[in-house]
Amino acid sequence: MRHWFNTIWNTRGLARWILVAGLVIVVAFVVLALLAPWVAPYEFNQSKVDGEKLPKLAHPSGDYWLGTNDQFYDIWSRVIWGARTALEVIFLSVAFSIVLGVPLGLVSGFVGGWVDRALVFVMDSLYALPSLLLAIVFSFLLRGPLGGGIVAAALSLTCIYIPQYFRVVRNTTVSTKEAVYVEAARAIGAPPRTIMRKYLFGNVVQSVPVIGTLNAADALSTLAALGFLGFGIQPTEASEWGYDLSRALDDAQAGTWWPALFPGLAIILLITGLTLVGEGLNETLNPALRRRRLIPVQMPAMRADDAIDARNV
Amino acid sequence: MPTKPETPAPTGPVTSTDAVVEAHDLEVHFALQGSALARLLGRRGRTVKAIDGVNVALRRGEVLGLVGESGSGKTTLGRAILGLVPATAGSITYHGRDRGDVVVSELGSRDLRALRTSMQMVFQDPGAALNPGMTIEEAIGHPLVIHRKLKGAELRTRVCDALERVGLSPVERYLGKYPADLSGGQKQRAVIARAIILEPEVLIADEPVSMLDMSVRAKILQLMLDLKDQLDLSYVYITHDLASAKYICDRIAIMYLGRIVEIGPSDEIFANPRHPYTKALLKAIPEPDPDRMLPRDLPRGEIPDAAVPPLGCSFHPRCPVAVQECGWESRDLRTLLEEHWTRNPGATYDAERDMVGDLGKLDKPELSAHLGVTDSQGTLALLNRIRAENPDEPFWRGVAGIEDDGNGVRLEFHQPHDPALRPAGGVEVACVLYPDERENEKT
């Protein structure tokens, strides 16, 4: 942990700019999402104020910054509430896949044998299917027990991303368990659980943060795709950019550009931000890509009396 | 055709009450992975006999050296004593001070883990033996945490005590450091501290100084000797470096291809080496004085394939003084031919290659070998030429007869004899050159 923080803090050059740019974008969205109740002028599904409907498809103006859409919703509010939905789903799906994928990979790599074979087989089958198809199937399956809410969407994304964590952690475990310090742990009498927890875990999760951030970007695009196709979060549950985009498609052909533009921009911007963070982390944490820079030493200017002292010595 | 090993003369049950650890007829075999096709067909791969019938006892309070080249099985023997690799056959018995007799080779994993409080290991590469993500304090105290011996302030006191014992003081400077912050010698001291913190009786040291700088080696060895006296330890010291073994060991066992070929007090081994392999190893110790450079007739070739060891004595293909019953066989004939062609210009090979026929036939260990295709006279002449090049080649002592069978030459070898360890003037040696003293007494 200490090492990670230091390497991130001490980054220089391109890697630092990528990281900083990504972080600025992501943090902006996080702040918007957290402050949504105060920043957004309306609820995500509010089409009436004091019993009076908002205008339909109003142009962006002082009253409605980004205009309104065909459902009488204020687009600015929809974008902000959508950020909240997107970040919740991303966070939950990444957290679920790390919590499930990392221990599975650790156990599979360490135990080996038929446990390993079975798990690798299942994970490879998941990995072989197109991810969007898989997400659609799982969101159908989960809609029954969990409804069409955020948790169901997050879980159906989790199923896509578990194999990535599993594979990376399992492969690193297979090579790390041959390390001398693991044998040394065995020699001091550590049971398998302790070996995995204290000797392997910290050394095999190094690349997980990078995969996590890159997956976050991917998760957002999959979520938007699900919403666009109508398999994602139900419109009654939360505001979702992909759904708004699909609603706005017909109007866009008629020249009404604002209902489609702003959710689309939000999707692109957040994906870009998350990808930049992922790439920046990758550049800094991945030793194969990391380039250490020499910092030129600044010698203090020599004062006249110092020079004389030096000559006397 | 495998040679029937000589059964070791019954010495009676090893009643040495002073033994801490005893290996009895220990064998450790590893299965080799066969080809993909063989695995598909379910055929069993070959096995490597890493340890092939070893009897050895570690006496209480002594330093026993296991010395040999890479691949001699010395590390495997050390790991087997700890139970880190399972024994294929035979047994390892630990005579604990307060644990009683424990047969290590029959323990389950839980009992084996409990045994770690009595037997510990020091590793070759101190840089790899410490978890890079643990501080020195965590790493050294972890054995106590695992065995639920101490925690909290007491744990810290013990860790500090262990650090001081191994010379890492002031301890405050080292407690919070990560292995990457320490030098090789400091790391090895930390590894030793971790090994002694459980107060074991036996310490297996697997080449503990071979990865260290010359300047630190002697210090670490001295530290190990001091700890032995302070903590009543017994060491198994595994090394390929006879010079360091001379410094630290009370007794030395010379290992070759999974067997002990000579064992005895280290003074006697150094003053009067008996086995030809021991002699060769001693000659390989570098001499610091350039004027006293001696011709080093180091053993030729490499250590043989342990999956198909040579017949008879495993060392015979490399032995300068091998005699007729040492186990000469068809593979040695192939080596002889290849060495002949290496010595001579390429034209010789072109002229002679067709004369001998299929060399692949010689790869199977047999006591008779057939050479040549049609021109038996030519083949015979070739063999005579090779013999004339080096008449003292020990190979020829093993040839019982050469006969012309019409379409080539057939060589017959003497019946091989696989020598067991036998007492010879203070040491025990496995070589046919030293007849068994016990048998002489009987007659």
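Predicted model only: the values in this text are computed from it and were never measured. (Residues numbered from 1 in each chain as written. Chains lettered and ligands numbered in written order. Predicted model: local features only at pLDDT ≥ 70, side-chain atom pairs only at ≥ 80, totals over all residues. Heavy atoms only, no water.)

*Asks:* An account of the overall build of chain A is needed here, citing residue identities and associated values.
*Replies:* Within chain A, the secondary structure is distributed over 13 helices and two strands. Taken over C-alpha atoms, the radius of gyration comes to 25 Å for chain A, far larger than the 20 Å a tight globule of 313 residues would show. Overall, the C-alpha framework of chain A stretches about 85 × 75 × 30 Å when taken along its three principal axes. Residues counted as buried form 46% of the 313 residues belonging to chain A. The contacts in chain A between residues at least 6 apart in sequence include a share of 74% that link residues at least 24 apart. Where the 24 positive side-chain charges of chain A centre and where its 22 negative ones centre are 12 Å apart. (Helix = DSSP H or I, 4+ residues; strand = E, 2+ residues; numbered from the N terminus. Rg over C-alpha atoms; globule rule 2.2 N^0.38 Å. Buried < 20%, exposed > 50% of the residue type's maximum accessible area, 1.4 Å probe, protein only. Contact = heavy atoms within 4.5 Å. Lys, Arg positive; Asp, Glu negative; His and termini not counted. Charge placed at Lys NZ, Arg CZ, Asp CG, Glu CD.)

*Asks:* Explain the overall build of chain B to me, and be specific about the residues and the numbers.
*Replies:* Regarding its fold elements, chain B presents 16 helices and 15 strands. Within chain B, residue pairs in contact and separated by at least 24 positions form 66% of the contacts whose partners lie at least 6 positions apart. Accessible surface, chain B: about 20,800 Å² in total, of which carbon and sulfur atoms supply 51%. The averaged location of the 64 negative side-chain charges in chain B is 5 Å from the averaged location of its 52 positive side-chain charges. (Areas by Shrake-Rupley, 256 points an atom, 1.4 Å probe, with all protein chains shown as cover.)

*Asks:* Requested: an account of the interface of chain A and chain B, with residues and values cited.
*Replies:* Taken together, the contact pairs 16 residues of chain A with 24 residues of chain B. Approximately 1,700 Å² of surface area, both sides summed, lies buried where chain A meets chain B, with 61% of it carried by carbon and sulfur atoms. Counting the surface chain A buries against chain B, the share from its top three residues, E183, A187 and I188 of chain A, is 33%. Counting across the interface, chain A meets chain B through two salt bridges. (Buried area = accessible area lost by both parts, 1.4 Å probe. Salt bridge = Lys/Arg side-chain N within 4 Å of Asp/Glu carboxyl O.)

*Asks:* A description of empty space enclosed by the protein should follow, citing residues and the corresponding values.
*Replies:* Using the criterion set out here, one finds five cavities of 30 Å³ or more in the structure. Approximately 70 Å³ is the volume attributed to the largest cavity. In this structure, the largest cavity is lined by 13 residues; those nearest its centre are P276, C313, C319, C326 and C431 of chain B. In terms of residue class, the lining of the largest cavity is made up of eleven nonpolar, two polar and no charged. Empty space within the second largest cavity amounts to approximately 60 Å³. Along its surface, the second largest cavity is lined by S139, R143, G147, G148, G149, A152, A153, S156, L226, F231, G232 and I233 of chain A. Taken together, the elements giving at least two residues each to the lining of the second largest cavity come down to α6 (131-146) and α7 (150-176) of chain A. At three residues, the largest contribution of residues to the lining of the second largest cavity is made by α7 of chain A. For the lining of the second largest cavity, the per-class residue count stands at five nonpolar, six polar and one charged. (1 Å grid on protein atoms, 1.4 Å probe; cavity = no way out; pocket = protein on both sides within 12 Å on 5 of 7 lines; lining within 4 Å. Points joined across faces, edges and corners; volume = space filled by probe spheres on them. Nonpolar A, V, L, I, M, F, W, Y, C, P; charged D, E, K, R; others polar.)

*Asks:* Report on the sheet that holds strand β4 (residues 89-96) of chain B, specifying residues and quantitative values.
*Replies:* All names here are of chain B. Strands sit in the order β2-β1-β4-β5 across an open sheet of four strands; the sheet is antiparallel. Every interior strand has two partners, whereas the edge strands, β2 (47-59) and β5 (100-103), have only one. Each strand of the sheet is rotated relative to its neighbour by a mean of 20°, with strand direction disregarded. Where strand β1 (residues 19-31) lies against β4, five bridges are found, and the strand directions are antiparallel. Residue pairing across strands places A23 opposite I92, the latter belonging to β4. Seen against the sheet, helix α2 (residues 74-82) touches β1, β2 and β4 and runs at an angle of roughly 115° to β1. (Pairing = 2+ DSSP bridges. Axes fitted to C-alpha atoms, helices over the stretch in contact; angles between N-to-C directions.)

*Asks:* Report on the packing of helix α10 (residues 208-229) of chain A against helix α12 (residues 258-285) of chain A, specifying residues and quantitative values.
*Replies:* All names here are of chain A. Put simply, α10 and α12 touch, their axes get as near as 8 Å, and they point 165° apart. Here α10 lies roughly antiparallel to α12, going by the angle between them. The two elements α10 and α12 cross, and the hand of that crossing is left-handed. Contacts from P209, V210, T213, L214, A216, A217, L220, S221 and A224 in α10 reach I267, L270, I271, L274, T275, V277, G278, E279, L281, N282 and L285 in α12. Tallied by class, the residues present in the contact of α10 with α12 amount to 14 nonpolar, five polar and one charged. (Parallel < 35°, antiparallel > 145°, perpendicular 65-115°, else oblique. Left-handed = near helix turned anticlockwise from the far one by under 90°.)

*Asks:* How would you sum up the pairing of strand β9 (residues 251-256) of chain B? Please name residues and give values.
*Replies:* For a regular strand, side-chain orientation follows a simple rule: the groups alternate between the two sheet faces. All names here are of chain B. Across the six residues of β9, six count as buried, placing the element largely inside the fold. Burial of the side chains of β9 extends over both faces: R251, A253 and M255 are buried on one face and I252, I254 and Y256 on the other. When strand β3 (residues 63-67) meets β9, the two strands line up parallel, connected through four bridges. Paired with L64 across the two strands is R251, which belongs to β9. Two elements, β9 and strand β10 (residues 259-265), share six bridges in a ladder whose sense is antiparallel. Its bridge partner being in β10, R251 is matched across the sheet by P265. Counting the residues in the hairpin turn of β9 and β10 gives two residues, including L257, whose phi is positive at 50°.

*Asks:* Go over the packing of helix α14 (residues 346-356) of chain B against helix α15 (residues 376-389) of chain B, please, and point to the residues and values.
*Replies:* Residue and element names in this part refer to chain B. Taken N-terminus to C-terminus, the directions of α14 and α15 make an angle of 125°; their axes are 9 Å apart at the nearest point. Comparing the axis directions of α14 and α15 gives the class oblique. Where α14 crosses over α15, the handedness of that crossing is left-handed. Residues E352, M355 and V356 of α14 pack against G378, T379, L382 and R385 of α15.

*Asks:* Outline the sheet that holds strand β11 (residues 368-371) of chain B, supporting the account with residue identities and numerical values.
*Replies:* Residues and elements named next belong to chain B. Spatial strand order, β11-β13-β12: three strands in an open sheet with antiparallel pairing. Where the open sheet ends on each side, the last strands, each with one partner, are β11 and β12 (399-404). Each strand of the sheet is rotated relative to its neighbour by a mean of 20°, with strand direction disregarded. Relative to strand β13 (residues 409-413), β11 is paired through four bridges, and the arrangement is antiparallel. When the bridges of β13 are listed, L371 appears paired with V409.

*Asks:* Summarise the environment of D232 of chain B; cite the residues concerned and give the values.
*Replies:* With respect to the secondary-structure elements, D232 of chain B resides in the loop between α9 (214-231) and β8 (234-239). The contact partners of D232 of chain B, leaving out residues within four places of it in the chain, are R97, E201 and L227 of chain B.

*Asks:* Outline the domain arrangement of chain B, listing residues and values.
*Replies:* Often, the extent of an interface is quoted as the loss of accessible area upon association of its parts. One can read the domain layout of chain B as domain 1 (1-6 + 16-118 + 201-214 + 228-288 + 312-317 + 420-443), domain 2 (128-199) and domain 3 (328-413). Just the C-alpha atoms count here: the centres of domain 1 of chain B and domain 3 of chain B sit 36 Å apart. (Domains from an automatic or database assignment.)

*Asks:* Quick rundown of the side chain of S108 of chain A? Include the residues and the values.
*Replies:* Residues and elements named next belong to chain A. Positionally, S108 belongs in helix α4 (residues 75-111). Taking relative accessible area as the criterion, S108 reaches 0% and is therefore assigned buried. Those residues in contact with S108 that sit more than four places away from it in its chain are D116, L119, V120, F166 and R170.

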